[in-house]
Amino acid sequence: MVEDDSPAAVLLPRSRKAREDAADESEEGQAAEEEVSFVVAARRKAFWRKPVVRTVLVMLMLLATVGLALQVAFQERAHIVAKDARTRPWLAALCGPLHCEIAPQRQIADVVIDSSSFNKARGDSYQLTLAMKSKANIPLAMPAVELTLTDAQDQPVLRRVLLPGDMGAPVELPARGEWSTAVSVIVTTGGARVAGYRLLAFYP
């Protein structure tokens, strides 16, 4: 048998062996990586199962729940108090450090002017009487009233805004309640004759 000692014959076996060695090393590296990944996953599971870690997670969840409840109570404080007056002391204590106030609910759609009259009294003085009624099941903030005086063509000649304080009104209109008043109004229209009036309840 004749041996071929040429460079090609020598390099060929070496190249094939190098590829086999590289493949073996790749398989060993992949197996090592899989083993390391398994160990990391096992350690991660063991960490989250520790009693201390679970206790901390439960406390964080409770704190988050309480924080969310306080945020909702702060945002809806007026509605909560309107629904249940017993919550006012608790919400007042919450508002103390935050410098907020518990104002009555504003639902102008549930406030109607049930009746009114506007009569001349003496000189430039007129007497306005009105009755407001609430259709809501909760107390509402007392609205202001815009008085518009009109001429014979129903054109406005004077507008006057009457705030609750101007009418001697309480802060709240009771649930399904009614409130009435009589207010003296001084009218100076510059010679224009007053033929009618309009009233509008609104929140400033």
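Look up: the structure comes first, before these words.
Residues numbered from 1 in each chain as written. Predicted model: local features only at pLDDT ≥ 70, side-chain atom pairs only at ≥ 80, totals over all residues. Heavy atoms only, no water.

> I'd like to hear about the overall build of the protein, residue by residue, with values.
For the protein, the count of helices and strands is four helices and eight strands. Along the protein, helices and strands appear, N-terminal first, in the series α-α-α-α-β-β-β-β-β-β-β-β. Relative to its full complement of 204 residues, the protein shows a buried share of 23%. Long-range pairs, those at least 24 residues apart, make up 65% of the contacts in the protein between residues at least 6 apart in sequence. For the protein, the computed accessible surface area is about 14500 Å², with 58% contributed by carbon and sulfur atoms. (Helix = DSSP H or I, 4+ residues; strand = E, 2+ residues; numbered from the N terminus. Buried < 20%, exposed > 50% of the residue type's maximum accessible area, 1.4 Å probe, protein only. Contact = heavy atoms within 4.5 Å. Areas by Shrake-Rupley, 256 points an atom, 1.4 Å probe, with all protein chains shown as cover.)

> Requested: an account of the sheet that holds strand E5 (residues 156-162), with residues and values cited.
Read from one edge to the other, the open sheet built from three strands follows the order E5-E4-E8, with strand pairing classed as antiparallel. One side of each edge strand has no neighbouring strand; the edge strands of this open sheet are E5 and strand E8 (196-202). Taking each pair of neighbouring strands and ignoring which way they run, the sheet shows an average axis angle of 15 degrees. The pairing of strand E4 (residues 144-150) with E5 spans six bridges and is classified as antiparallel. When the sheet's bridge partners are listed, Glu-146 is paired in E5 with Val-161. (Pairing = 2+ DSSP bridges. Axes fitted to C-alpha atoms, helices over the stretch in contact; angles between N-to-C directions.)

> An account of the environment of Gln-153 is needed here, citing residue identities and associated values.
Along the chain, the position of Gln-153 falls in the loop between E4 and E5. Sequence separation between Gln-153 and Gly-196 is 43 residues, and the spatial gap between their C-alpha atoms is 9.5 Å.

> Report on the side chain of Ser-134, specifying residues and quantitative values.
Considering the arrangement of structural elements, one finds Ser-134 in strand E2 (residues 125-134). From its side chain, Ser-134 meets the backbone nitrogen of Ala-136 in a polar contact 3.2 Å long. Filtering out sequence-adjacent residues up to four positions away, Ser-134 remains in contact with Asp-110, Leu-140, Leu-173, Pro-174, Arg-176 and Gly-177. (Polar contact = N/O pair within 3.5 Å; in protein donor to acceptor, adjacent residues only side chain to side chain.)

> Tell me what's going on with the nonpolar core, and back it up with residues and numbers.
Among the nonpolar cores identified, the biggest contains 24 residues, and Phe-118 and Met-167 are the most heavily contacted of them. Mapped onto this core, the elements with two or more residues apiece are strand E1 (111-122), E2, strand E3 (140-141), E4, E5 and strand E7 (178-186). Take this core: its biggest share by element is four residues, from E2. Once residues lying within four places of it in the same chain are set aside, the contact partners of Phe-118 are Tyr-126, Gln-127, Leu-128, Leu-147, Leu-149, Val-185, Val-187 and Tyr-197. (Core = buried A, V, L, I, M, F, W, Y, C linked by side-chain atoms within 4.5 Å.)

Purely spatial values, then, with no claim about function.
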